[in-house]
Structure formats: C-alpha cells, structure tokens
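Coordinates in review
Listed here are the chains, written in short residue letters.
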Protein chains: 2
Amino acid sequence: MSERTKIKDIARVAGVSTATVSRALSDSALVTDATREKVRAAANRLNYRLNVRARNLRIQKSMAVLLVVRNMSNPFYLEIFKGVEAVARAAGYVLLMGNTEDDPAREAEYFDMLRDGQADGMILMTGTLPEGHAVLDPASGAPPIVVALEAVDDCGLAHVQIDNCAAAKQAVRHLASLGHRKIAHICGPLPEILSRLRRDGYRKAMAKAGLEIPRNYEPAGDYSIQSGRACCAALFDADNPPTALFAANDEMAFGAIGELRRRGLRVPEDVSVIGFDDLFVSESYSPPLTTISQPRVDIGRTAMTMLLDIIGARQSVPRTIEMQTELIVRQSTGKAPNKLEISAQ
Amino acid sequence: MSERTKIKDIARVAGVSTATVSRALSDSALVTDATREKVRAAANRLNYRLNVRARNLRIQKSMAVLLVVRNMSNPFYLEIFKGVEAVARAAGYVLLMGNTEDDPAREAEYFDMLRDGQADGMILMTGTLPEGHAVLDPASGAPPIVVALEAVDDCGLAHVQIDNCAAAKQAVRHLASLGHRKIAHICGPLPEILSRLRRDGYRKAMAKAGLEIPRNYEPAGDYSIQSGRACCAALFDADNPPTALFAANDEMAFGAIGELRRRGLRVPEDVSVIGFDDLFVSESYSPPLTTISQPRVDIGRTAMTMLLDIIGARQSVPRTIEMQTELIVRQSTGKAPNKLEISAQ
DNA sequence: ACTGGATTTGTAATCGATTGCAAAATTACA
DNA sequence: TGTAATTTTGCAATCGATTACAAATCCAGT
C-alpha cells in the first residue's frame with residue numbers, strides 16, 4: 001500500500017494551510033466556496049482518506065458504543081443488536097460488543113473502557129452494575145449509559161424496558177380465560193429482577209382470578225431448555241399436576257413441551273403452555289407457541305436513540321421508556337381439559 | 001469527573017521524564033527496577049489510566065477486529081461470535097460488529113474501515129467481496145482478512161470452513177441407509193457457493209447410491225422457515241412426493257416439518273427430514289431434528305486465531321482450514337415407509 | 001584514576017488530525 | 001481613497017501517548 005496521504009499533502013498540493021484543509025473537508029463555514037472546491041479536488045486527486053484515529057484523539061471522542069450482554073449467544077439479543085446497529089450506524093457510531101458471561105471482573109472492564117473513552121456510551125443488558133465504579137460516581141453527572149431489557153434498581157440511569165409484570169399478568173389471564181385453574185409458573189433465576197417481576201405478575205393475576213398457587217407451582221429454572229424440561233418434570237412428578245404452564249421464556253417453554261411429550265401428554269389438549277419472548281422459531285415450533293412478544297428491534301432502536309440523546313446533551317434526565325408487549329396466541333394453548341373427563345378416568 | 005492524569009503528571013510526580021514513564025509502564029527492559037517501582041507507585045497514587053486512543057494513534061494500530069456478517073439476526077452466527085470474542089479479548093482486541101444486509105455499499109464501508117485502520121483485521125462471513133477494493137489489491141500484500149463459513153473463490157484469502165459437500169453426502173447417505181430412495185433436497189439460494197456445495201454433495205451421494213433425482217426434487221429456498229415450508233409444499237403438491245427431505249439448513253427443515261404436519265403427514269413415520277447446522281433449538285424441536293452439526297464456537301475461535309497470526313506476521317500464506325462436521329441422529333429421520341403398506345392403501 | 005562499553009535516562013520529534021488566536025484579505029461605507 | 005468591519009486564511013499549540021537518538025550514568029578492567 002502506498003504511503004497514506006495526509007492533510008499536509010493536500011495542503012501542499014492545494015497551496016493552502018492544513019487548517020484550511022481541515023475546515024474545507026469538514027464543511028466549515030469558515031472557507032470560501034472556491035477554496036473548498038480547490039481542496040476537495042486535491043483531496044480527490046490524492047485519494048485522501050481521513051485518519052479516524054487521529055481525529056478521535058483530537059476531538060476526544062471514539063464514535064463507538066459498547067453493547068454489553070451477559071451471554072453473547074443468547075438468541076434473544078439478536079434483534080436487539082439489529083435495532084441498535086441500525087441507529088448507531090446511521091449516526092456514525094460503530095458497535096463494540098461486550099460479553100460478560102456474568103463475570104463481574106469482565107463487566108468492570110467494559111465500564112473501564114467507557115471511562116477511558118474507548119467508547120462514548122454503553123447499552124447495558126446485564127441487569128447488574130459493578131459496585132462503586134468510578135463511572136457511576138454521581139458527582140460526575142449522568143454517565144452515558146442506557147440500561148435495556150433488565151432493570152437495575154435505583155441506579156439513576158436511563159432505562160428501556162417492557163412492563164414485565166403486566167405482560168405476565170396478560171399471559172396468565174389468557175390461560176385463565178381458557179378455563180384453566182391449575183396454572184403453574186416456571187420462573188427464571190430469582191436473584192434477577194426480571195424473573196421476580198414476571199413471577200409477581202403471575203401471582204397478581206392468579207390472585208385476581210381467585211386461583212390458588214400450590215407451594216410447588218413456582219419452580220425456578222435458568223432460562224435454558226434443559227431447565228424448562230426439569231421444572232416441568234418436577235411439576236408432573238408431584239401429585240397435583242397443573243393443566244397449564246406459563247414459562248418465563250420461550251426456551252423453557254420448549255423444554256417443558258419436550259418433557260410433556262415424553263410423558264405422553266398432548267399440547268394443548270392435555271396441557272397448555274405459554275412462553276415469553278417470541279423467539280424466531282416459536283412461530284414454527286410444533287405446536288406453534290403461544291407467547292408474549294417483545295418489540296425487540298424497537299427496544300434496540302429506542303435504547304440507541306436514547307443513548308445518542310444522552311451523549312449529545314451530556315445532561316439527560318434519567319428517563320424510563322416502556323415498550324409495549326403483545327400476546328401472540330398460537331396453538332400451544334387451548335381450553336382446559338374437561339374436569340369430568342379427567343375425573344372419569 | 002476530575003481531570004484525567006496523563007503520563008506527564010506521573011513524570012512530574014515521580015521526578016522522571018515522560019519517556020521513562022512510558023517505558024516503565026510498558027515493562028520495557030530499559031528501566032531499572034527501582035525507577036519502575038517509583039513510576040508505578042506514582043501512577044497508582046494518581047489513579048492513572050492509559051489513554052488508549054493516544055497510544056493507538058502513535059503505534060498505528062486500533063486493537064480492534066471487524067466481524068462482518070450479512071444479517072446480524074441470523075441465529076447461526078451466535079456461537080461463532082462467541083468463539084471469536086473469546087480469542088479476541090484474550091489477545092486484547094475488541095470486536096466491532098459489521099452488518100451488511102447484503103448491501104454492497106455497506107460491505108465496501110467495512111472494507112474502508114479496514115483500510116483506514118479503524119480495525120486491524122476482519123473476519124468476513126458474507127460470502128462476497130467488494131469488487132476491486134483497494135484493500136484487496138494484491139500489490140499491497142495479503143490483507144488481514146479471514147473468510148469464514150462462506151467461501152469466496154480464488155481470492156487468495158485465508159479461509160476457515162467446513163467441507164459442505166462431504167457433509168451433505170453424509171446426510172444423504174444417512175437417509176439412504178434408512179431405506180429411502182425418494183430423497184429430495186431443499187436448496188439454499190443457488191447464487192451462493194455454499195448452497196451449490198451442499199447441493200453438489202446431495203447429487204454426488206444420490207448418484208453413488210444409484211438413486212435418481214427427479215426434475216422437481218431440488219427446490220430452492222432462501223434459508224428461511226417460510227421458504228422451507230413453501231418448498232415442501234411444492235414437493236408434496238407434485239405427483240411424486242419424496243419420503244425423505246434433506247434441507248440445506250435447520251430453519252428450512254423446521255418449515256418443512258411444519259408443512260408436513262399441516263398436511264397430516266407424520267415425521268418420521270411418513271417422511272424423514274434432516275437439516276443442516278444444528279441450531280440450539282433443533283435438539284428440543286419436536287421431533288428432535290436429525291442434522292449436521294458444525295463446530296461453530298470452534299470455527300469462530302479458529303478464524304480469530306488465524307487472523308491474529310496474519311496480523312502478527314503481516315505475511316501469511318493464505319491457508320484454508322477445514323473443520324469437522326458431525327451427523328447428529330435424532331428423531332426426525334427414520335426407516336423409509338414400507339412400500340407394500342403404501343401401495344396397499 | 002581513566003577508558004571503553006554497557007545501561008539507564010532525557011530531549012524532542014512523531015502519529016494526523018482540530019482549533020484558538022492573530023494576521024491577511026476582502027468588503028462596506030463614508 | 002481611507003478606514004473600519006467582516007471574512008478568510010495561516011501559524012502553532014494541542015490531544016496523549018511512543019520512540020529515535022543523544023546524553024548521562026554506571027561498572028569493569030587495567
């Protein structure tokens with residue numbers, strides 16, 4: 001590769017100073033149209049390309065945003081990535097991926113990157129914050145961070161989320177409206193706020209419908225297919241098996257359906273199952289999964305848009321934006337089995 | 001946030017020059033242990049953090065690699081991301097995401113970023129190259145690019161891939177060994193090399209098994225669930241429906257299974273279906289999908305490792321590494337339906 | 001004590017842009 | 001035409017590190 005042309009070369013060729021070149025190329029109003037053209041022509045002739053590194057050093061920005069997740073291979077994130085990416089690139093930002101694997105040390109590293117200016121902002125989807133990190137010092141103003149998906153309590157940061165509690169209620173109401181009375185909930189890990197919110201929604205909806213929650217009706221998994229299978233097995237090994245399952249995410253619902261099938265139970269004839277998230281495969285699962293859909297692309301877009309606001313203003317009120325969820329009724333839920341039939345057996 | 005301390009501040013406090021500070025902090029052998037300690041102490045006291053932007057400008061590196069895909073929300077990429085990320089971070093590189101959406105202009109942009117030094121290397125998974133881009137000029141030596149997943153012909157670049165043709169053969173052999181003779185193949189888009197390789201494997205295996213391929217037995221989809229459904233419908237609307245389907249990826253297999261079910265055909269009793277990729281849901285699909293598994297995490301790791309080699313050596317022989325695939329037999333494939341039974345109907 | 005060679009340190013240039021301030025050029029107006 | 005006001009331009013500092021080269025220091029051997 002031939003030597004890269006720099007602003008200095010253009011200056012020489014165009015017969016102006018480097019300052020003028022810089023101004024001309026950045027459309028500053030401080031140059032005549034004539035010189036601007038002259039400089040542009042020279043730049044083209046020399047095949048000039050801006051050195052982004054140099055500029056970023058000078059203007060003290062990195063034009064990059066960090067997207068931090070706890071597990072990069074969780075398919076749920078995919079469309080969020082897409083939404084974030086679209087807005088980011090439109091604004092001239094590149095996307096840096098961060099993957100914490102739930103390791104606090106790694107999480108802290110990404111906060112360091114933010115503090116060190118390797119990124120101008122961060123979209124955090126891990127549900128936790130590194131304790132006492134300098135970036136979070138309130139004295140230094142609102143850090144350019146948007147928390148998405150998983151809420152973090154009392155952190156004074158901007159949030160983009162869904163109303164998990166309300167969505168869970170809606171799921172339970174759907175089952176109740178089909179006549180189900182024995183509805184169990186496969187929770188996510190309860191240390192996570194997200195999981196608790198969904199469970200709370202389940203509890204409230206059950207109370208409102210006047211339904212009891214037996215002690216074993218809230219097994220907790222870890223959002224994996226395997227854990228869904230295990231929780232389902234536990235429920236049906238006990239002596240008061242439910243007729244409907246509300247799983248805290250689609251993967252656990254898949255696991256549960258697999259386990260039900262293994263036991264010779266039909267979905268939805270014998271047991272109804274509803275998930276949460278609406279993964280791309282849920283629609284074509286068999287049976288197609290009834291679930292709660294989150295506007296993922298939109299969540300990503302919104303989060304990135306908020307982040308741009310914060311970066312631009314450096315002084316944003318910590319807002320929380322709530323996105324709408326939607327109940328998608330497919331074929332994994334159906335009428336509650338007729339009590340008489342069951343007792344007749 | 002208080003003013004950032006720079007190397008100059010440390011120099012002042014430690015009573016040495018900035019050059020010495022730089023050397024001490026980078027473990028250069030050019031400083032005494034005593035001064036090194038002195039400098040370290042001062043740096044700690046002042047809470048010093050290296051300005052990565054400044055260093056990168058000076059050393060002419062960006063310590064970033066670009067990971068370019070054609071569609072960021074394709075779940076297939078997830079584990080590759082993970083593998084790449086693990087190796088990259090271990091080597092101190094950050095990951096920049098690139099998403100082309102099959103737009104040549106966007107693809108060219110990422111190549112520009114590489115040329116402009118915004119990234120030190122690139123892992124390309126799009127199956128195409130922007131024509132005549134400066135980075136690819138052979139005169140400038142081997143560019144730091146590793147092509148993964150999707151081959152690019154005759155480009156002189158390093159590749160990490162699987163033997164698609166052999167894997168496809170293996171899939172077909174599996175079906176043939178179960179007694180199937182009417183085996184159809186749902187192809188991917190044929191402009192893509194990848195799709196053609198898999199189809200070639202299908203053809204070769206069919207020939208070797210002495211089986212005919214009727215004209216309509218190679219419908220082409222676009223790797224989406226919907227297209228799998230459509231191709232399946234076309235096959236079964238015709239007058240010589242197959243007893244086994246080999247789909248070029250799992251998603252199309254899902255679509256096909258959905259369509260078969262809709263038509264009242266059982267999998268695998270009436271029709272066997274085999275996919276390709278082994279997505280994370282395939283194992284728990286119903287029926288669990290027989291498929292070809294690619295070592296995705298490993299592909300990511302290997303690609304990134306190769307890229308580091310190239311970046312380090314600036315002079316690598318363009319190698320092609322072939323990763324091993326594996327036939328995963330689950331429950332979507334079974335013995336061919338008995339001919340007598342069928343004709344007896 | 002002195003010389004030569006090996007270590008350690010410092011000075012200042014450099015990476016490639018942006019930008020404050022001053023100087024030059026242009027325009028406006030009397 | 002002369003002067004003030006306004007626009008354009010250029011000089012040089014700056015962002016914060018790294019590093020070539022020179023200078024200083026140290027040590028060994030005579």
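Residues numbered from 1 in each chain as written. Chains lettered and ligands numbered in written order. Predicted model: local features only at pLDDT ≥ 70, side-chain atom pairs only at ≥ 80, totals over all residues. Heavy atoms only, no water.

- The name given to chain A in an unreviewed UniProt entry is LacI family DNA-binding transcriptional regulator, with Hoeflea poritis as the source organism.

1. Comments concerning the overall build of chain A
- What chain A contains, in helices and strands, is 12 helices and 11 strands.
- Its C-alpha radius of gyration of 27 Å places chain A more than 25% over the 20 Å reference for a compact globule of 345 residues.
- In chain A, buried positions account for 53% of the 345 residues.
- Element-wise, carbon and sulfur atoms account for 49% of the exposed surface of chain A, whose accessible area totals about 15200 Å².
- Positive and negative side-chain charges of chain A, numbering 42 and 41 respectively, have mean locations separated by a distance of 6 Å. (Helix = DSSP H or I, 4+ residues; strand = E, 2+ residues; numbered from the N terminus. Rg over C-alpha atoms; globule rule 2.2 N^0.38 Å. Buried < 20%, exposed > 50% of the residue type's maximum accessible area, 1.4 Å probe, protein only. Areas by Shrake-Rupley, 256 points an atom, 1.4 Å probe, with all protein chains shown as cover. Lys, Arg positive; Asp, Glu negative; His and termini not counted. Charge placed at Lys NZ, Arg CZ, Asp CG, Glu CD.)

2. A look at the interface of chain A and chain B
- The partner chain B presents 52 residues to the 52 residues of chain A that form the contact.
- Area buried by chain A at its contact with chain B is led by Arg49, Arg53 and Leu78 of chain A, which between them contribute 14% of it.
- Where chain A packs against chain B, one counts 12 salt bridges.
- Two residues, arginine 106 of chain B and glutamate 85 of chain A, come together in a salt bridge whose shortest N-O distance is 3.3 Å.
- Across the contact surface, chain A and chain B share 26 residue pairs in polar contact (both at pLDDT 80 or more).
- Summarising the sheet, strand 2 (residues 94-99) of chain A and strand 2 (residues 94-99) of chain B pair through 3 bridges and their orientation is antiparallel. Bridge pairing links leucine 96 of chain A to leucine 96 of chain B in strand 2 of chain B. (Contact = heavy atoms within 4.5 Å. Buried area = accessible area lost by both parts, 1.4 Å probe. Salt bridge = Lys/Arg side-chain N within 4 Å of Asp/Glu carboxyl O. Polar contact = N/O pair within 3.5 Å; in protein donor to acceptor, adjacent residues only side chain to side chain. Pairing = 2+ DSSP bridges.)

3. Notes on the domain arrangement of chain A
- Domain annotation for chain A reports domain 1 (7-50), domain 2 (62-163 + 296-324) and domain 3 (164-294 + 329-344).
- The distance between the C-alpha centroids of domain 1 of chain A and domain 2 of chain A comes to 37 Å. (Domains from an automatic or database assignment.)

4. Some thoughts on the protein's contact with DNA strand C
- Taken together, 28 residues surround DNA strand C, and among them Ser22, Tyr48 and Arg58 of chain A together with Arg23 and Arg58 of chain B come closest.
- Near-protein atoms of DNA strand C (within 4 Å) split between backbone and bases, with sugar and phosphate holding 63%.
- Within the backbone of isoleucine 7 of chain A, one N or O atom sits 2.7 Å away from a phosphate oxygen of DNA strand C.
- Listed by contribution, the elements that provide at least two residues to the surface near DNA strand C are helix 2 (18-25) and helix 4 (52-59) of chain A together with helix 2 (18-25) and helix 4 (52-59) of chain B.
- Broken down by class, the residue content of the surface near DNA strand C amounts to 12 nonpolar, 9 polar and 7 charged. (Near = heavy atom within 4 Å. Nonpolar A, V, L, I, M, F, W, Y, C, P; charged D, E, K, R; others polar.)

5. What about the protein's contact with DNA strand D?
- Around DNA strand D, the structure places 28 residues, and the nearest of them are Arg23 and Arg58 of chain A together with Ser22, Tyr48 and Arg58 of chain B.
- Each atom of DNA strand D within 4 Å of the protein belongs either to a base or to sugar and phosphate, the latter forming 66%.
- Here a phosphate oxygen of DNA strand D sits 3.2 Å away from a polar atom, N or O, in the side chain of threonine 35 of chain A.
- Here a base oxygen of DNA strand D and a side-chain polar atom of arginine 58 of chain B are 2.3 Å apart.
- Of all the elements in the fold, those that place two or more residues in the surface near DNA strand D are helix 2 and helix 4 of chain A together with helix 2 and helix 4 of chain B.
- Taken together, the residues of the surface near DNA strand D break down into 12 nonpolar, 9 polar and 7 charged.

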